[in-house]
2 protein chains.
Amino acid sequence: MTKKWVYLFTEFGQALKDVGNVWDEARGLLGGKGANLADMARINVPVPPGFTVTTEACRAYIESGNVFPEGMWEQMKESMGVIESQAGKRFGGKENPLLVSCRSGAKFSMPGMMDTVLNVGLNDETAESMANLTGDPRFVYDSYRRLIQMYGTVVRGLPDELFENVIHRVKLKANVQNDTDLSEAHLREITHEFKALFLRNVGHEFPSDPYQQLSWATEAVFKSWNSKRAMDYRNATGIPHDLGTAVSIVAMVFGNMGNDCATGVAMTRDGSTGERHMEGDYLTNAQGEDVVAGIRQTCDIGLLKKEMPKAYAELAGIAKRLEEHYRDMQDIEFTIEKQKLWMLQTRDGKRTARATVRIAVDMAEEGLISREEAVLRVSPEHVDFFLHPQFDNSAIVLARNQGRLLARGLNVSPGAACGMVVFDANRAEAWAKEGKSVIMARPETKPDDVHGMLASKGIMTSRGGRTSHAALVARQFGRPAVVGISSLEIDVDKRQMTVNNKVIIEGEWLSLDGNTGEIFEGNIETLIPDIKDPWLIKLLSWADEFRRLEIWANADYPHDAKLARSYGAQGIGLCRSEHMFFEAERLVHVQKMIMSNYPMERREALEAVQVFQRDDFIKLFRVMQGLPVVIRLIDPPLHEFLPNRIDLLRDLADLKIRLQHAGNLKEIDGLISMVKEKETILERVERLYEQNPMLGLRGIRLGILIPEIISMQVRAIFEAVCQVKKEGMDVYLKIMIPLVSHANELKIMKSRIEDEASKIVQDHAIQFDYQFGTMIELPRAALTADKIAEYVSFVSFGTNDLTQTTYGISRDDAETGFLIEYIDKGILPDNPFAILDKDGVGELIRIAVEKGRSRRDDLECGICGEHGGEPKSIHLCNALKLNYVSCSPYRVPVARIAAAHASIQERKANRKGPDSY
Amino acid sequence: MTKKWVYLFTEFGQALKDVGNVWDEARGLLGGKGANLADMARINVPVPPGFTVTTEACRAYIESGNVFPEGMWEQMKESMGVIESQAGKRFGGKENPLLVSCRSGAKFSMPGMMDTVLNVGLNDETAESMANLTGDPRFVYDSYRRLIQMYGTVVRGLPDELFENVIHRVKLKANVQNDTDLSEAHLREITHEFKALFLRNVGHEFPSDPYQQLSWATEAVFKSWNSKRAMDYRNATGIPHDLGTAVSIVAMVFGNMGNDCATGVAMTRDGSTGERHMEGDYLTNAQGEDVVAGIRQTCDIGLLKKEMPKAYAELAGIAKRLEEHYRDMQDIEFTIEKQKLWMLQTRDGKRTARATVRIAVDMAEEGLISREEAVLRVSPEHVDFFLHPQFDNSAIVLARNQGRLLARGLNVSPGAACGMVVFDANRAEAWAKEGKSVIMARPETKPDDVHGMLASKGIMTSRGGRTSHAALVARQFGRPAVVGISSLEIDVDKRQMTVNNKVIIEGEWLSLDGNTGEIFEGNIETLIPDIKDPWLIKLLSWADEFRRLEIWANADYPHDAKLARSYGAQGIGLCRSEHMFFEAERLVHVQKMIMSNYPMERREALEAVQVFQRDDFIKLFRVMQGLPVVIRLIDPPLHEFLPNRIDLLRDLADLKIRLQHAGNLKEIDGLISMVKEKETILERVERLYEQNPMLGLRGIRLGILIPEIISMQVRAIFEAVCQVKKEGMDVYLKIMIPLVSHANELKIMKSRIEDEASKIVQDHAIQFDYQFGTMIELPRAALTADKIAEYVSFVSFGTNDLTQTTYGISRDDAETGFLIEYIDKGILPDNPFAILDKDGVGELIRIAVEKGRSRRDDLECGICGEHGGEPKSIHLCNALKLNYVSCSPYRVPVARIAAAHASIQERKANRKGPDSY
């Protein structure tokens, strides 16, 4: 018995059974489109009769070097017979000819990436029959010319322009503007010319045998699985290349049989905002391709309610049923043939991050899904999107007042973007590789343009609607986009565009607001917004209920801490106390301290810094009252506070040359004193010079060698705590020591700090607890965490430095050097500074947590490297049983959702069996 | 019942029982000297009657703030009674007075470091009795004046010069040269003056009560445990400070009762060479202190055979018995009182490294000890000693011909040393701290001089013999030394010395040959000797039978490999292939390669290097035929082959200033072209600049980015193998890749090397196996050794870099920086670059070995960092189940013995129970 390669829509039950009753497997077998049509048929949604050739058939076809697998064609022909009887029409029949569409459909949706052939079955004979039967020869020849055009371009690879030129010529001759204005005669002429064009360019006649057409069309769809654009798309989205596409053969229904026909696409909810109303576009008297191609200006679905109220009502009812059935917002295609509604496709709808959040929350509140499911549907990337740059409102007002507003279009993908305008995808990609910020402007976008869209900061088109290709792709990849800017004319050849009589040359700067649909000249200042979306707030609060990891923030200044707290941070995991040194008014004292030759001098300089530090800490503690604050004592090497060595050498060389040329004594004296000053600093810089500062005199090493700095910091911290406690607020102080490699270092430092602290506490007569901890950012600290745990109550993994030492990679050098090539060539799966390295750094963390808690079972473990805000790394931290992750304030919401996912997935995995970690 | 603080010599059985019958504990209780005297008594060796006050008593005395513990004094008095009856004399008795010595004796020998008081019991009355009894008043007053002198200096802390001045004055007045020439009258006068001097300086009379003297003397010995010199010595030798000393009270026997009396010290074998004959010094008519103090010129023990044949024969017989009893070479003290031989002390004799080896081998062959014991008696330091510098013979011949031979003395401690001469210990220490090489020259040395001796490269004295303080200490600490240079006169005040009428000022360079006893002017070239000592060869061959670890060597050049092989290396564990690049004729091509802008240019430059590399490898393989050779491909960053960045900047600045002053066009042209050249190099250096080169573009990273270098090296290696194979020799090639952090790097590199190699092998039509391996020198490589083991058959731990990354310490910076302070302050127990860090780096090695062998159970694991030649680290490597250690050729013999110790101790520990590691 040969394999079953073909399933009728009415055989969905059989297909499900064959794959073990797993919906996902059925989708894998029949493709999303095929499975959905069959599934819709099962729940009595009106779908045209049809069948699906499986993805297995596609794979077999590709693997055998483009040969249909044995039995497939026979099964297709047999199924055609069934459709014929279901439709009461005959394929190639003169009386009542059946036309079919050949639609691609893979397991994962790849909108527009693969080929579709419509009107299969039309030839001179059936066309005439159809004309007779429908009494609408205009429509028939429109379909016929479309079929030839599609065969020519899709199956035979002729340039579309050849066909469009013919139409253009006929339209000129007929003096009409729109395709719909062409008469039957014009379309017959076009059909005729298309056939001649086909013969001329292909070398044989356009095939009149419908089964020949069907066979070719099926092959074309199979082959389009491995087209360049499809492969690019899969590379960009991470879809595997070995899945193959299914082909669904569906009896054609016609939206182009007159003005009581229509075709359209719709989302069951607003894909941009998530609002609970159907959103979509349709065209009267048109085929579906016209809608998505963005060539004709579409109508809003709302209009359909007025034009065809009955069909609209039915559509709305089906939309609700489909949402309930699939428990998600649906993206549907429909055709109205002479008032009769047919559903051609349904699938989970693409949506913006904002819509994703709102829909998830709404559906949970509607009872369609659980809260857990709602949380899982919102990815960290979705949350991140809320943190995308937006234009500064006052900058926008200013730009408007300056007359820099160029145009308005449809706001299809939110966020703000600035960049140099380019007019094709290749150049967009090329410029982006050079490090330029790019805005891509196109009349419309096609799947071939995706690589350019990915390379751009923002996208704008002169045509197309909310469901145009440009809108969908931009939304999915989080690129701000404005489409349908009708005042915009782009001349790709001249490399310029005209908008309201203003000419913009390629390379000029534009600013694009995906929230408002506005385009401005020049560069507008952007801001990271505060998250106020109520649905997001609700969703994150649900996420908080699921997660085990606490989310803390890295914040050095009171205003950072405030922001972090507003984003839901549960503490400060890292306050880099020396960051405060870098402000101009303080740096001068810090430098004086470093340049000091006598302890007195040094202490004086430090006292000046102490005042600043104490006041900063007071403000920080006030903001964070009631929550823990980890203050890390000085970390960087001292030379970071002095001028650069090379700069000093160059300056000195310059000064000496100037000295050679100096004209008068006063000038010479001045130059000599400058030389002396620079030489003094240089001498100190050289004394502090290290070949590998990353592995040098910093962190606790500095603290042990120059205890005065630590004393100053400890006094500043404890005086600040005393002050804030006196104000009646709670302070949960945690003192953290960086760069420990041996427990003995902590032993010394701990007693020094305790001595210093007890003096302050006695002076102020205030009692409070504080905790003593350390960073683990060197492999040796991780490996000896049991010994370290004798002295500390918490450890925080500094994964930036820990990655550097574990990998032996200097981040400053490598991220602009060999690391890029390593990631490009796939030698490293990821940049370990972006995504925590599980096998190396993660293993050290695992060892450290295990050893540390073997000594002190309540040892608090956190992470304060940049990985703390990266979702994959957060999953790893959850698996490693850390207590918290600490990340930049802006990453706090992202970390909250990622931590929730980690907990939920862990719980699910535990339900299934032992965790694989 | 009060504690037993005092044991009679005849109570040794009781003492042993009290400490649980452990000899070592008895030694701890009674001190080495006391235990040995008691033990000798047990085996019927003639020792004077006596008893020992225990170390416990000393500790109790010190702990209670210098109060005798309860009951001690009573027990001492009681024991005095026993001695009185054993000796038939009475302490303080007028008739037949007993005199006793009070001798210090700790668990571990500290020669000359603590105090001893002799002739306790003498006063005006007993002196007269003694004079009557012995008929030798001269001796009695000599003893009496000695007692007062000792009390004055030792108990009361008066300067010895006060007493010596008196003697000097009397001698001048009497017109005699030697102490022995002084008459009874002179000695009575001296005694009288000494008592007056005592009263004047101390404030009361010299005590006449013998028990008062005994009590004070005991206290003096107790206190001397914590004297500065004793503490210095213990710090230097690692003896704990809390052991305390015992005090042995022994009936005095007299070597100074006339010319039929003598006293001496002897070694049962030659402490310098290990030869099997008694070696020692004695003095006729003298007390023991005269011998060791080195004040009088002693006689060789050989002379005693002629002078007192009966006593000598008895002494020789006792020496043999003691060696058999203690199964080791003995250091004995004896006194002959009127022809009667008394043994005063025996202990294991100090000896040179050479003697240690020979005695161990001889004793094993004599059947006194096992071979295992012989191997354990020779420490790695002993073997190391054989590798100490020796003068180049031709340089010595030349120096003699140039008349630079200054003097000859006794060759008491072998090895060659050059340095600036200094005349006191403090200055020697100070100069050494400044980094100077120092030779210390003294009339004689005393315990106070030890810190200066330790700081010196070599030691020379004008007086003293083979058992003088200078000789003993120098030998123990491995300092070359020449003593008894009679032609030498040192004037410490004038800071100069005169030798054969030549004046040498402090600070002039001298060269000292401890092997020949010669002193030369100026600096003489030194060589590391080849080890040819037949006893060492035999001992190392025994060691080889015990060890499990193989010993390989790090060698980059054929001559290093040859040396390594001659030292017993079993393979080359690390050939740093790029070291060959640095030779002048090659460096030019390497630089050209780095400066190349076109691949052609680069390949040409590399081809030139390849020829050199191949020829080097051919020579290396020939030398190592039959043994494995690990060749590591290029490791250092490219900028190491170019001039230093800072130098270039400075040069450029100078050139530009010169350009300002240039006088004529030709000069200007020349300078401009130099500027351009420097700028081109600088540009490349800046492009290659890295902030942390230690963590940068080197090792396999370089190989992946610039494959041409690896190709060149692989071709050179494989062509060399083909050549040597054709010559009929065996080559065991192992290719090693440095700085791997991810297994994928090896995957790529392995296939590249295999491709390149297979081409060469095909061209030469020769079949051979080779192995592919990697260094593990980054923590991540260790943590993922299982994945790495998929691609390699061996790994070699590069513990230098692994220590840097594990600790996060840049060795170049830290070893002259904070690391010194860390070790000084005891924050780190050892320098981790000298001694492998067990808890951190060792833990990573343990993990790597375990994971690596879990994937490939025959994974060969070695170590090729500098730790490979360090004994403690070798013990750790043995425990970590490595296959081999690879070290510098000069360390191979040291590593062989250390590895044997590790194996033997491991086996012993396993016999006892589970290993503690």
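Preceding this section is the structure that the text describes.
On a predicted model such as this, the values are computed, not experimentally measured, just so you know.

I would appreciate a short explanation of the overall build of chain A in the present structure.
When you go through chain A residue by residue, the secondary structure sums to 37 helices and 33 strands. C-alpha extents for chain A along the principal axes are approximately 110 × 75 × 50 Å. Among the 917 residues that make up chain A, the fraction classed as buried is 59%. Partitioning the contacts of chain A with sequence separation of at least 6, the portion at a separation of at least 24 is 70%. Entry remark: accessible area of chain A is about 36,400 Å², with carbon and sulfur atoms responsible for 48%. Mean positive and mean negative side-chain charge positions of chain A (113 and 129 charges, respectively) differ by 2 Å.

Teacher, can you tell me more about empty space enclosed by the protein here?
One simple way to see leftover space: roll a probe sized like a water molecule over the atoms. All names here are of chain A. In this structure the tally under the stated criterion is 7 cavities of 30 Å³ or more. Per-element accounting of the lining of the largest cavity gives the leading share, 4 residues, to helix 6 (residues 137-155). The class makeup of the residues in the lining of the largest cavity is 3 nonpolar, 3 polar and 7 charged.

Honestly, the interface of chain B and chain A in this entry has me stumped. Any pointers?
You'll often see interface size given as the accessible area lost when the parts meet. The interface of chain B with chain A comprises 58 residues on the first partner and 57 residues on the second. Taken together, both faces of the contact between chain B and chain A bury some 4,900 Å²; the carbon and sulfur share is 59%. For the pair chain B and chain A, the number of links is 8 salt bridges. As a salt-bridge pair, Lys851(B) and Glu843(A) come within 3.6 Å of each other at their nearest N and O atoms.

How should helix 24 (residues 599-623) of chain B be read in this particular structure?
Every α-helical turn comprises 3.6 residues, leaving residues that sit three or four positions apart pointing alike. Residues and elements named next belong to chain B. Between the first and last C-alpha of helix 24 there are 35 Å, a value that for 25 residues agrees with the 36 Å anticipated at 1.5 Å per step. Inspection of helix 24 places Ala-605, Leu-606, Val-609, Gln-610, Gln-613, Asp-616, Phe-617, Ile-618, Leu-620 and Phe-621 among the buried residues, and these make up the whole buried set. In this structure, the buried side of helix 24 is in contact with helix 22 (558-566), strand 27 (572-576), helix 23 (584-595), strand 28 (628-632), helix 28 (707-726) and strand 29 (732-737).

What is the right way to read the relation of the copies chain B and chain A from this model?
Turning chain B through 179° and shifting it by 0.3 Å along the axis lays it on chain A, with an RMSD of 0.3 Å. Each copy turns onto its partner about a two-fold axis.

It is not clear to me how the pattern of salt bridges should be interpreted in this structure. Could you clarify?
Proximity of charged atoms lets side chains of opposite charge pair with each other. Residues and elements named next belong to chain A. For the structure shown, the criterion picks out 130 salt bridges over all chains. For Asp-115, the salt bridge is made with Arg-229, and the minimal N-O distance between the two is 3.3 Å. Taken together, the positions of Asp-115 in the loop between strand 5 (100-106) and strand 6 (116-120) and Arg-229 in helix 10 (residues 228-237) put the pair 114 residues apart, joining distant regions of the chain. Residue Asp-115 is classed as buried on the basis of its relative accessible area of 17%. Taken together, the shared-partner salt bridges connect Arg-269, Arg-276, Glu-323, Arg-358, Asp-362 and Glu-366 into one network.

Explain the packing of helix 6 of chain A against helix 7 (residues 160-174) of chain A to me, please; I cannot follow it from the model alone.
When two helices pack together, their arrangement is given by the angle between their axes and by how far apart the axes lie. Residues and elements named next belong to chain A. The N-to-C vectors of helix 6 and helix 7 enclose an angle of 155°; their axes lie 9 Å apart at closest approach. Considered as vectors, helix 6 and helix 7 are oriented roughly antiparallel to each other. Contact with helix 6, carried on its side by Arg-145, Ile-148, Gln-149, Gly-152 and Thr-153, involves Asp-160, Phe-163, Glu-164 and Ile-167 of helix 7 and no other residues of that element. Tallied by class, residues from the contact of helix 6 with helix 7 come to 3 nonpolar, 3 polar and 3 charged.

Would you mind showing me how to read the side chain of Asn123(A) here?
Mapped onto the fold, Asn123(A) is located in the loop between strand 6 and helix 5 (124-134). Setting aside residues up to four positions removed in sequence, Asn123(A) forms contacts with Tyr144(A), Ser208(A) and Pro210(A).

Help me understand the sheet that holds strand 18 (residues 458-461) of chain A, please; the structure alone is not making it clear to me.
What links the strands of a sheet is backbone hydrogen bonding, and the strands pair in either a parallel or an antiparallel sense. Residue and element names in this part refer to chain A. Pairing is mixed across the open sheet formed by 8 strands, whose spatial order is 14-24-23-16-17-18-19-15. Sheet topology places strand 14 (405-408) and strand 15 (410-413) at the edges, where each strand pairs with a single neighbour. Strand-to-strand twist in this sheet, taken as the mean axis angle between neighbours without regard to direction, amounts to 30°. Where strand 18 and strand 19 (residues 481-483) come together, 2 bridges link them in parallel fashion. Looking across to strand 19, one finds that Met-460 is bridged to Val-482.

Whenever I open this one, the sheet that holds strand 26 (residues 550-554) of chain A confuses me. Can you help?
All names here are of chain A. A barrel is described by the order of its strands in space; here 8 strands give the closed sequence 26-27-28-29-30-31-32-33, paired in parallel fashion. The mean inter-strand angle of the sheet, taken between neighbouring strand axes irrespective of direction, is 25°. The pairing of strand 31 (residues 794-797) with strand 32 (residues 860-863) spans 4 bridges and is parallel. By the bridge assignment, Ser-796 is partnered in strand 32 with Gly-862. Lying over the sheet, helix 28 (residues 707-726) contacts strand 28 (628-632), strand 29 (732-737) and strand 30 (770-776), oriented at roughly 175° with respect to strand 29.

I'm lost on the packing of aromatic side chains in this one. Help?
Aromatic rings considered in pairs are described by the distance between their centres and by the relative angle of their planes. For the coordinates displayed, the defined rule picks out 42 aromatic pairs over all chains. Ring geometry for Tyr61(B) and Phe68(B): centres 5.7 Å apart, planes at 40°, overall tilted. The pair Tyr61(B) / Phe68(B) is uniform in exposure class, with both members buried. Ring geometry for Phe68(B) against Phe222(B): centres 6.2 Å apart, planes inclined by 80°, an arrangement best described as edge-to-face. With Phe68(B) in the loop between helix 3 (55-63) and helix 4 (72-87) and Phe222(B) in helix 9 (residues 210-224), this pair connects stretches of sequence that are 154 residues apart. As far as burial versus exposure is concerned, Phe68(B) and Phe222(B) are alike and both buried. In textbook terms, an aromatic cluster arises when at least three aromatic residues are bridged by ring pairs, as seen for Tyr61(A), Phe68(A), Trp73(A), Phe91(A), Tyr211(A) and Phe222(A). The side chain of Lys3(A) reaches across the aromatic face of Trp5(A), ending 6.0 Å from its centre.

Is there a simple way to explain the packing of helix 23 (residues 584-595) of chain A against helix 24 (residues 599-623) of chain A in this structure?
All names here are of chain A. The contact between helix 23 and helix 24 brings their axes to 8 Å, and the two run at 145°. Every pair of crossing elements has a handedness; the one defined by helix 23 and helix 24 is left-handed. Seen from helix 23, the contacting residues are Glu-585, Arg-586, His-589, Val-590, Lys-592 and Met-593; seen from helix 24, they are Arg-602, Ala-605, Leu-606, Ala-608, Val-609, Phe-612 and Asp-616.

Please explain the environment of Thr356(B) as it appears in this structure.
Residue and element names in this part refer to chain B. With respect to the element layout, Thr-356 can be found in helix 14 (residues 353-366). The class for Thr-356 is buried, based on a relative accessible area of 7%. Residues Thr-356 and Ser-272, spaced 84 residues apart in sequence, show a C-alpha to C-alpha distance of 8.8 Å.

Looking at this structure, I do not really get the pairing of strand 22 (residues 502-505) of chain A. What am I missing?
Within a regular beta strand, the side chains point alternately toward one face of the sheet and then the other, so they alternate between its two faces. Residues and elements named next belong to chain A. Relative to strand 22, strand 21 (residues 496-499) is paired through 4 bridges, and the arrangement is antiparallel. Following the sheet pairing, Val-499 is matched in strand 22 by Lys-502. With antiparallel pairing between neighbouring strands as the criterion, strand 21 and strand 22 make up a hairpin whose turn holds 2 residues, including Asn-500 at a positive phi of roughly 50°.

Explain unusual backbone geometry here, please?
Trans is the common state for peptide bonds, and a negative phi is the common state for residues other than glycine. All names here are of chain A. The backbone of Asn-44 shows a phi angle near 65°, a positive value even though the residue is not glycine. On the basis of relative accessibility, which here comes to 64%, the residue Asn-44 falls in the exposed class. For Lys-338, which is not glycine, the phi dihedral falls at a positive 50°. As for its position among the elements, Lys-338 is in the loop between strand 11 (330-337) and strand 12 (340-348).

How should I be thinking about the environment of Asp533(A) in this particular structure?
Residue and element names in this part refer to chain A. With respect to the element layout, Asp-533 can be found in the loop between strand 25 (526-527) and helix 21 (534-546). Once the C-alpha coordinates of Asp-533 and Arg-358 are considered, the two residues, 175 residues apart in sequence, prove to be 9.1 Å apart. Not counting the four nearest positions on each side in its chain, Asp-533 is found in contact with Arg-354, Val-357 and Phe-386. Looking at Asp-533, its side chain comes within polar contact range of the main-chain nitrogen of Leu-536, at 2.8 Å.

Sorry, what's going on with the environment of Met150(B) here?
Residue and element names in this part refer to chain B. Assignment of secondary structure puts Met-150 in helix 6 (residues 137-155). Note on Met-150: relative accessible area 17%, which makes it buried. C-alpha separation for the pair Met-150 and Asp-115, spaced 35 residues apart in sequence, amounts to 9.5 Å.

Can you help me understand the state of the cysteines in this one?
Simply put, disulfide is the name for a covalent bond between the sulfur atoms of two cysteines. For the coordinates displayed, the defined rule picks out 0 disulfides over all chains. A disulfide-free cysteine, Cys575(A) has its sulfur positioned 12 Å from the sulfur of Cys864(A), the nearest such atom. For Cys102(B), which is in no disulfide, the shortest distance to another cysteine sulfur is to Cys58(B) and amounts to 13 Å.

Scoring rules and cut-offs
- Residues numbered from 1 in each chain as written.
- Chains lettered and ligands numbered in written order.
- Predicted model: local features only at pLDDT ≥ 70, side-chain atom pairs only at ≥ 80, totals over all residues.
- Heavy atoms only, no water.
- Helix = DSSP H or I, 4+ residues; strand = E, 2+ residues; numbered from the N terminus.
- Buried < 20%, exposed > 50% of the residue type's maximum accessible area, 1.4 Å probe, protein only.
- Contact = heavy atoms within 4.5 Å.
- Areas by Shrake-Rupley, 256 points an atom, 1.4 Å probe, with all protein chains shown as cover.
- Lys, Arg positive; Asp, Glu negative; His and termini not counted.
- Charge placed at Lys NZ, Arg CZ, Asp CG, Glu CD.
- 1 Å grid on protein atoms, 1.4 Å probe; cavity = no way out; pocket = protein on both sides within 12 Å on 5 of 7 lines; lining within 4 Å.
- Points joined across faces, edges and corners; volume = space filled by probe spheres on them.
- Nonpolar A, V, L, I, M, F, W, Y, C, P; charged D, E, K, R; others polar.
- Buried area = accessible area lost by both parts, 1.4 Å probe.
- Salt bridge = Lys/Arg side-chain N within 4 Å of Asp/Glu carboxyl O.
- Expected span 1.5 Å × (residues − 1).
- Least-squares fit on C-alpha atoms with pLDDT ≥ 70 in both.
- Axes fitted to C-alpha atoms, helices over the stretch in contact; angles between N-to-C directions.
- Parallel < 35°, antiparallel > 145°, perpendicular 65-115°, else oblique.
- Pairing = 2+ DSSP bridges.
- Phe/Tyr/Trp six-rings, centres within 6.5 Å; stacked < 30°, edge-to-face > 60°.
- Lys NZ or Arg CZ within 6 Å of the ring centre and 35° of its normal.
- Left-handed = near helix turned anticlockwise from the far one by under 90°.
- Polar contact = N/O pair within 3.5 Å; in protein donor to acceptor, adjacent residues only side chain to side chain.
- Disulfide = S-S within 2.5 Å.

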